[in-house]
Amino acid sequence: TLIETASYLGGRHAELFPEKVVCVVGSMRPEKFVDTDAHFNVGVAFGALSLASPGVYVCMNGCVFPHDKVCRDTQTGLFRPVAAA
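All of these numbers come straight from a predicted model, not from anything done at the bench.

Let's shift gears to the pattern of salt bridges. Summed over all chains, the structure comprises three salt bridges. Taking the shortest distance from any N to any O, the salt bridge between Arg 80 and Asp 73 comes out at 3.7 Å. Residue Asp 73 is classed as partly exposed on the basis of its relative accessible area, which comes to 22%.

Take the nonpolar core next. Counting residues in each nonpolar core, the largest one holds eleven residues, listed as Leu 2, Ile 3, Ala 6, Val 22, Val 24, Val 56, Val 58, Met 60, Phe 65, Val 70 and Phe 79. Elements supplying a minimum of two residues to this core: helix 1 (2-16), strand 1 (21-25) and strand 2 (55-60). The contacts of Val 70, once residues within four sequence positions are left out, are Ile 3, Val 58, Phe 65, Phe 79, Arg 80 and Val 82. Within the second largest apolar cluster, seven residues are counted, among which are Cys 23, Val 44, Ala 48 and Cys 59.

Backbone-to-backbone hydrogen bonds join strands into a sheet, with any given pair of strands oriented parallel or antiparallel. If you walk across this open sheet you meet the three strands as 1-2-3, and the pairing is mixed. Only two strands of the sheet have a single neighbouring strand rather than two, namely strand 1 and strand 3 (63-66). Across the sheet, the axes of successive neighbouring strands diverge by a mean angle of 30°, strand direction being ignored. This element, helix 1, spans strand 1 and strand 2 of the sheet and lies at about 165° to strand 2. In this fold helix 2 (residues 38-51) packs onto strand 1, strand 2 and strand 3, with an angle of close to 170° to the strand it touches most, strand 1.

So, about helix 2. A rise of 1.5 Å per residue sets the reference length of helix 2, with its 14 residues, at 20 Å; its end C-alpha atoms lie 20 Å apart and thus fit the reference within 8%. Taken residue by residue, helix 2 has Ala 38, Asn 41, Val 44, Ala 45 and Ala 48 as its buried positions. All buried residues of helix 2 lie within an arc of 125° about the axis, which places them on one face of the element. Seen from the open side of helix 2, the exposed residues pointing more than 90 degrees away from its buried face are His 39, Phe 40, Phe 46, Ser 50 and Leu 51. Buried-residue contacts for helix 2 involve strand 1, strand 2 and strand 3.

This part is about the pairing of strand 3. Here strand 2 pairs with strand 3 via four bridges, running antiparallel. Its bridge partner lying in strand 3, Tyr 57 is registered against Pro 66. Linking strand 2 to strand 3, which pair antiparallel, is a turn of two residues; within it Asn 61 sits at a positive phi near 55°.

What counts as what
- Residues numbered from 1 in each chain as written.
- Predicted model: local features only at pLDDT ≥ 70, side-chain atom pairs only at ≥ 80, totals over all residues.
- Heavy atoms only, no water.
- Salt bridge = Lys/Arg side-chain N within 4 Å of Asp/Glu carboxyl O.
- Buried < 20%, exposed > 50% of the residue type's maximum accessible area, 1.4 Å probe, protein only.
- Core = buried A, V, L, I, M, F, W, Y, C linked by side-chain atoms within 4.5 Å.
- Helix = DSSP H or I, 4+ residues; strand = E, 2+ residues; numbered from the N terminus.
- Contact = heavy atoms within 4.5 Å.
- Pairing = 2+ DSSP bridges.
- Axes fitted to C-alpha atoms, helices over the stretch in contact; angles between N-to-C directions.
- Expected span 1.5 Å × (residues − 1).
- Arc of directions from axis to C-beta.

Right, here's the structure in full:
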């Protein structure tokens, strides 16, 4: 899934492409649907590419999360920041 892919890339980021910004993006509704969020999420990812520090990020629901500070709410299905311990 999105978070697992971002975590894998985050673990290899320093070794493979330390100076790059990587945005992992997806959609809650596939692009073929009229009310898809795919275009919006890609737009957010492009914005993050211009503004974020090098690292790996998850871009969903209009938000940008560091790969190691994001989870998916099982009740709503939305991505949210990991609660601080």
